[in-house]
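One-letter residues, chain by chain:
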Amino acid sequence: MQMMTRDILLEMDQEEEDDDDGDIVLENLEQTVVSSFGTLESQPDFQTPEFEEFNGKPDSLFFNDGQRRIDFVLVYEDESRKETNKKGSNEKQRRKRRAYESNLICGGLQLEATRSILDDKLVFVKVHAPWEVLCTYAEIMHIKLPLKPNDLKTRTSAFGNFSWFTKVLQVDESIIKPEQEFFTAPFEKNRMNDFYIQDRDTFFNPATRSRIVYFILCRIKYQVRDNVKKFGINKLVSSGIYKAAFPLHDCNFSHKSEDLSCPNERYLLYREWAHPRSIYKKQPLDLIRKYYGEKIGIYFAWLGYYTQMLLLAAVVGVACFLYGYVNQNNCTWSKEVCHPDIGGKIIMCPQCDRLCPFWKLNITCESSKKLCIFDSFGTLVFAVFMGVWVTLFLEFWKRRQAELEYEWDTVELQQEEQPRPEYEARCTHVVINEITQEEERVPFTTWGKCIRITLCASAVLFWILLIIASVIGIIVYRLSVFIVFSAKLPKNFNGTDPIQKYLTPQTATSITASLISFIIIMILNTIYEKVAIMITNFELPRTQTDYENSLTMKMFLFQFVNYYSSCFYIAFFKGKFVGYPGDPVYWLGKYRNEECDPGGCLLELTTQLTIIMGGKAIWNNIQEVLLPWVKNLIGRCRTVSRAEKIAPRWEQDYHLQPMGKLGLFYEYLEMIIQFGFVTLFVASFPLAPLLALVNNILEIRVDAWKMTTQYRRMVPEKAQDIGAWQPIMQGIAILAVVTNAMIIAFTSDMIPRLVYYWSFSVPPYGDHTHYTMEGYINNTLSYFNIADFKNRSKGNPYSGLEKHTTCRYRDFRYPPGHPQEYKHNIYYWHVIAAKLAFIIVMEHIIYSVKFFISYAIPDVSKSTKSKIKREKYLTQKLLHENHLKDVTKNMGVIAERMVEVVDNNLRPKLE
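Note that the structure is a prediction, hence the values are computed from the model and not measured. (Residues numbered from 1 in each chain as written. Predicted model: local features only at pLDDT ≥ 70, side-chain atom pairs only at ≥ 80, totals over all residues. Heavy atoms only, no water.)

**Student:** Tell me about the sheet that holds strand β1 (residues 72-77), residues and numbers included.
**Tutor:** Read from one edge to the other, the open sheet built from 4 strands follows the order β2-β3-β1-β8, with strand pairing classed as antiparallel. Both edges of this open sheet fall to β2 (110-115) and β8 (244-246), since each of them pairs with a single strand only. Mean inter-strand twist for the sheet, computed between neighbouring axes without regard to direction, equals 20°. Pairing between β2 and strand β3 (residues 122-128): 6 bridges, direction antiparallel. Within β3, the position partnered with glutamine 110 by the bridge is histidine 128. (Pairing = 2+ DSSP bridges. Helix = DSSP H or I, 4+ residues; strand = E, 2+ residues; numbered from the N terminus. Axes fitted to C-alpha atoms, helices over the stretch in contact; angles between N-to-C directions.)

Written as structure tokens, this is what we have:
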């Protein structure tokens with residue numbers, strides 16, 4: 001073997017000497033395997049993958065010999081059969097691929113190559129990991145494997161005696177049989193007899209085999225250049241040397257495999273999980289975890305639990321909405337706006353300079369009726385409820401997550417994680433470990449790390465400022481377009497025309513600005529996704545978890561500003577700093593600040609949330625479902641017109657869409673952004689949980705459908721929890737209390753109405769003899785003398801207003817002629833004091849309840865803690881007993897040998 005390897009290396013070195021673009025130096029292959037991964041007990045003779053003809057079995061998951069299972073598939077395009085043959089570039093790719101495959105074989109893997117039957121330029125390299133390789137790397141990766149069957153009862157029904165009621169929702173156990181549970185321990189080759197090995201072919205399930213092979217593929221070198229190691233299948237795929245690398249689906253999703261030994265797990269998942277007729281059933285989480293790995297399993301477990309909790313929030317939200325809808329006809333202030341003798345006779349001041357006309361209050365009649373639905377007492381109740389609901393959701397999810405950690409055997413997962421290949425390749429600096437006091441290699445010094453962090457933070461800050469700039473652009477658009485819409489109002493209008501009735505200047509500006517804002521959000525998202533990945537790659541995190549957490553924080557920070565900035569502007573800034581008609585406030589010294597409707601900006605915030613949430617859901621479904629389906633359809637049309645059934649499994653899977661490097665990252669991001677809309681601004685839109693519920697019910701099945709039918713099988717990965725998304729949700733939950741309290745206080749008109757009802761409707765401030773809302777509109781609109789207009793802000797009065805000397809505007813100020821004219825009156829300060837008091841009281845009450853709930857509900861239930869301790873005790877006991885048996889057996893053998901030696905030495909002397 002050493003002689004053959006040396007000959008190959010000499011041949012490749014000779015080829016590289018003729019390369020004008022640079023020298024590629026390959027290290028000794030045996031040394032690479034030994035130094036990087038430990039010595040394998042046995043290595044096969046060196047060989048290159050031989051081409052084999054397809055055996056005609058489309059459902060086969062084995063090499064042509066029918067014995068060795070295919071654990072991974074590599075795909076490349078044969079350079080010699082390309083139509084445009086760039087000799088130099090193709091030769092380099094061929095040498096790198098040859099070196100890589102040679103190293104794989106020397107690492108113990110077995111390869112078999114097969115040409116495509118649909119496109120003879122494609123070559124499929126099937127990879128198989130023998131028993132010795134699996135055992136070696138299982139020990140290196142600290143993979144937990146079965147010791148003995150688990151006789152503890154780990155799963156209990158959540159409904160107790162009412163389980164019959166939910167039987168129709170459960171997965172049929174006769175179709176998807178429950179998995180047998182085991183006590184497990186990290187695998188060790190020297191303790192192989194302790195493990196539950198009944199059949200070597202099934203001891204490592206397909207998901208574990210694929211994970212081990214992928215671990216090897218990511219760490220095999222193919223080039224060393226300028227003391228920089230280049231290795232890993234990911235780089236080879238990204239550089240085009242290989243076109244794809246993936247594990248195989250076990251069968252076709254639409255029918256069972258012809259191979260009787262195939263478990264048909266993909267078919268079962270499609271039938272009981274992804275098919276539309278299973279939309280009402282619970283998810284088969286154990287089978288999802290077994291087939292796709294814990295990382296995908298925990299995502300669907302979290303999404304399912306979140307959707308279940310949304311059901312309660314949706315019911316309460318609909319109840320609050322119906323309360324507002326039923327009582328909208330009893331809304332006194334809305335009646336006053338619509339009344340021809342009240343709202344019809346109130347002339348409002350222009351809301352922009354020169355071009356905007358004076359207008360009658362009753363043109364906002366329809367919007368005031370809609371506002372009564374959302375700006376009601378039910379909104380306050382729902383905002384308080386959601387503050388408690390989000391805490392209950394997070395705390396109960398922690399308990400559910402702890403149960404899954406135990407059931408899926410990921411309690412001590414953190415000890416198993418290995419450094420990323422990209423990190424290991426850059427480890428060129430030697431430092432002293434503070435704990436072990438031994439030398440270790442790191443990719444950069446402390447000073448270099450500080451520089452990288454500074455550059456990354458600067459890049460993230462730049463993009464956030466870019467988003468803020470786009471928000472300012474939208475504000476300028478709103479100010480400009482509002483002038484255009486207002487200037488084009490007909491001169492003779494009374495608010496009864498259908499178009500005037502429903503499409504006011506405020507409504508038209510709000511809808512168009514929301515649509516443009518949504519388009520800009522989508523464009524910036526597309527650009528920043530690539531930028532965030534580049535920044536995180538430059539940052540060079542050590543482990544895959546560190547990488548994903550770093551990318552998660554960058555992406556969420558960007559998405560938070562991108563999606564929520566316009567909502568924050570409408571909720572907390574629009575209409576708050578406008579001055580008064582004689583002295584308005586200007587943006588950039590040119591654009592007059594926007595004003596809210598007489599009823600406030602709450603309805604506009606509701607419109608913004610509806611457009612963004614609805615548009616985002618539609619766009620995501622187009623991206624996630626329609627595009628992969630269309631791409632697969634086009635791909636099938638381009639292939640040779642042969643029946644798909646005769647194509648082998650690996651070729652069928654190749655023509656599916658790749659899942660992407662980040663896997664479920666975008667799925668999590670989509671749901672967390674939705675979680676923010678449901679919690680941060682729910683006081684303005686109580687139907688948000690209902691929309692989220694409907695979207696999530698479809699999202700679960702759509703994600704399941706695309707994963708089982710449209711995408712290649714992902715490499716199974718371990719995961720203990722949902723990662724950085726958990727603290728992000730906790731941060732959103734804390735912020736949601738503040739935002740909803742401020743929306744009720746500053747965006748809605750609830751506090752001013754309560755102040756008027758309890759204080760200003762009766763003496764000494766009011767004229768009524770009892771508490772009432774009558775006269776509220778007149779009380780909240782201040783007077784302005786038209787003669788006091790400055791030339792710049794003077795309106796464009798229409799015919800019929802010449803006899804009016806005053807107009808009204810939304811504020812609490814003294815009228816003209818008063819000693820303190822146009823200054824805030826006593827009502828204003830009462831309202832401000834009430835708003836601040838409300839925020840403080842609401843925040844303290846909800847935070848106190850949240851703290852109590854968090855304290856009262858432990859993260860891990862008592863029964864789960866007991867099960868974890870019990871299993872750990874029994875596992876240690878089992879290993880200890882087996883160890884004692886081995887020691888006793890060895891001591892017995894030693895004692896027999898000693899007796900035999902003594903007997904042999906003493907017998908001659910005695911004789």
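**Student:** Describe helix α13 (residues 377-407), listing the residues and the values that go with them.
**Tutor:** Between its terminal C-alpha atoms α13 stretches 45 Å, which fits the 45 Å expected from 31 residues at 1.5 Å a residue. Count one or two residues on from α13 and you reach aspartate 409, which has phi positive near 60°. (Expected span 1.5 Å × (residues − 1).)

**Student:** How would you explain the nonpolar core if you had to name every residue and give the values?
**Tutor:** With 147 residues, the main nonpolar core has Trp302, Trp389, Phe393 and Phe677 as its most contacted residues. Contact partners of tryptophan 389, with chain neighbours within four places excluded, come to Tyr306, Met309, Leu310, Leu312, Ala313, Phe675 and Thr679. Core analysis: the second largest hydrophobic core is formed by 43 residues, Phe195, Phe204, Val213 and Ile233 among them. (Core = buried A, V, L, I, M, F, W, Y, C linked by side-chain atoms within 4.5 Å. Buried < 20%, exposed > 50% of the residue type's maximum accessible area, 1.4 Å probe, protein only. Contact = heavy atoms within 4.5 Å.)

**Student:** Outline the UniProt feature "transmembrane region" (unreviewed entry) in the chain, supporting the account with residue identities and numerical values.
**Tutor:** The sites that UniProt annotates as "transmembrane region" (unreviewed entry) are residues 299-326, 377-397, 460-487, 507-528, 555-573, 672-698, 722-746 and 826-847. Secondary structure within residues 377-397 divides into 100% helix and 0% strand; the distance between the first and last C-alpha atoms comes to 30 Å. The span residues 555-573 shows a helical share of 95% and a strand share of 0%, and its end C-alpha atoms are spaced 25 Å apart. (UniProt positions renumbered as here; feature names shortened; annotations may be inferred.)

**Student:** Provide a residue-level description of unusual backbone geometry, including the pertinent values.
**Tutor:** Of note in this structure, asparagine 264 is not a glycine but carries a positive phi near 55°. The exposure class of asparagine 264 is buried, given its relative accessible area of 9%.

**Student:** Tell me about a nonpolar patch on the surface, residues and numbers included.
**Tutor:** Residues Ile618, Trp619, Ile622, Leu626, Leu627, Trp629, Val630, Leu633 and Ile634 make up a contiguous nonpolar surface patch of roughly 750 Å² in combined accessible area. Relative to the assigned elements, leucine 627 resides in helix α19 (residues 602-638). (Patch = residues over 30% accessible without salt bridge, like charges linked within 9 Å, V, L, I, M, F, W, Y side chains within 5 Å. Areas by Shrake-Rupley, 256 points an atom, 1.4 Å probe, with all protein chains shown as cover. Salt bridge = Lys/Arg side-chain N within 4 Å of Asp/Glu carboxyl O.)

**Student:** For the packing of aromatic side chains, give the residues involved together with the corresponding values.
**Tutor:** In this description, a pair of aromatic rings is defined by centroid distance and the angle of the planes. One pass over the full model with this rule turns up 55 aromatic pairs. Aromatic side chains tyrosine 757 and tryptophan 758 sit 5.1 Å apart centroid to centroid with 85° between the ring planes, which places their arrangement in the edge-to-face category. Tyrosine 757 sits in the partly exposed class, given a relative accessible area of 28%. Measuring from centroid to centroid gives 5.2 Å for tryptophan 758 and tyrosine 771, while their planes differ by 55°, and the two rings are tilted. You can see tryptophan 758 sitting in helix α24 (residues 750-760) and its partner tyrosine 771 sitting in the loop between α24 and α25 (776-780), a full 13 residues away along the chain. For tryptophan 758, a relative accessible area of 52% corresponds to the exposed category. Directly above the ring of tyrosine 76 sits arginine 97, whose terminal nitrogen or CZ lies 3.8 Å from the centroid. For the cation-ring pair, arginine 219 lies above phenylalanine 215, with the distance from its terminal atom to the ring centre recorded as 3.9 Å. (Phe/Tyr/Trp six-rings, centres within 6.5 Å; stacked < 30°, edge-to-face > 60°. Lys NZ or Arg CZ within 6 Å of the ring centre and 35° of its normal.)

**Student:** Outline the packing of helix α21 (residues 665-680) against helix α23 (residues 725-747), listing residues and values.
**Tutor:** Helices that pack against each other are described as a pair by the angle of their axes relative to one another and the distance between those axes. Where α21 contacts α23, the axes come no closer than 8 Å and their chain directions differ by 25°. Judged on the interaxial angle alone, α23 and α21 are roughly parallel. In this structure, α21 meets α23 at a crossing whose hand is right-handed. Only Trp725, Ile728, Met729, Ile732, Leu735, Ala736, Thr739, Asn740 and Ile743 of α23 make contact with α21, whose side of the interface consists of Phe665, Tyr668, Leu669, Ile672, Phe675, Gly676, Thr679 and Leu680. Counted by class, the contact of α21 with α23 contains 13 nonpolar, 4 polar and no charged residues. (Parallel < 35°, antiparallel > 145°, perpendicular 65-115°, else oblique. Left-handed = near helix turned anticlockwise from the far one by under 90°. Nonpolar A, V, L, I, M, F, W, Y, C, P; charged D, E, K, R; others polar.)

**Student:** I'd like a description of the pattern of salt bridges, backed by residues and values.
**Tutor:** Inspection of the entire model under this criterion finds 27 salt bridges. Close ionic contact of lysine 398 with glutamate 395 constitutes a salt bridge, the shortest N to O distance being 3.5 Å. You can see lysine 398 and its partner glutamate 395 sitting in helix α13, 3 residues apart, about one turn around the helix. Both residues of the pair, lysine 398 and glutamate 395, count as buried. In this structure, aspartate 749 and arginine 810 form a salt bridge, with 2.8 Å as the shortest nitrogen-oxygen distance. Taken together, the residues aspartate 749 in the loop between α23 and α24 and arginine 810 in strand β18 (residues 806-810) connect sequence positions 61 residues apart. Judged by relative accessible area, arginine 810 falls into the partly exposed class, the value being 30%. Each of the salt bridges in this network shares a partner with another, and the network as a whole consists of Glu91, Arg94 and Arg95.

**Student:** Before we move on, could you go through the side chain of arginine 713 and cite the residues and values that matter?
**Tutor:** If you trace the backbone, arginine 713 turns up in the loop between α22 (688-710) and α23. Among buried charged residues, arginine 713 stands out as having no salt bridge; its nearest opposite-charge side chain is glutamate 265, 4.9 Å away. Within polar-contact distance, the side chain of arginine 713 engages the backbone oxygen of leucine 248 at 3.0 Å. Among residues more than four places away in sequence, those in contact with arginine 713 are Ala207, Phe246, Pro247, Leu248, His249, Asp250, Tyr291 and Tyr292. (Lys, Arg positive; Asp, Glu negative; His and termini not counted. Polar contact = N/O pair within 3.5 Å; in protein donor to acceptor, adjacent residues only side chain to side chain.)

**Student:** Hey, could you go over the environment of alanine 274 for me, with residue numbers and the actual values?
**Tutor:** You can see alanine 274 is positioned in helix α8 (residues 265-274). Separated by 433 residues in sequence, alanine 274 and methionine 707 place their C-alpha atoms 8.7 Å apart. Dropping the residues within four chain positions of it, alanine 274 is found in contact with Leu269, Arg701, Ala704, Trp705 and Thr708.

**Student:** An account of the state of the cysteines is requested, with residue identities and associated values reported.
**Tutor:** One pass over the structure, following the stated rule, counts 3 disulfides. Sulfur-sulfur distance for the disulfide between cysteine 331 and cysteine 372 comes to 2.3 Å. Here cysteine 331 and cysteine 372 share a disulfide; its torsion about the S-S bond, -70°, makes the bridge left-handed. Placement of cysteine 331 in the loop between α10 (294-326) and α11 (332-338) and of cysteine 372 in helix α12 (residues 365-374) is noted, with a sequence separation of 41 residues between them. When sorted by exposure, cysteine 331 lands in the same class as cysteine 372, which is buried. One disulfide in the model links cysteine 338 with cysteine 365; its S-S distance is 1.9 Å. Every disulfide takes its handedness from the sign of the S-S torsion; for cysteine 338 and cysteine 365 that torsion is 105°, giving right-handed. Taken together, the residues span a long stretch of sequence, with cysteine 338 in helix α11 and cysteine 365 in helix α12 at a distance of 27 residues. Judged by relative accessible area, cysteine 338 falls into the partly exposed class, the value being 22%. (Disulfide = S-S within 2.5 Å.)

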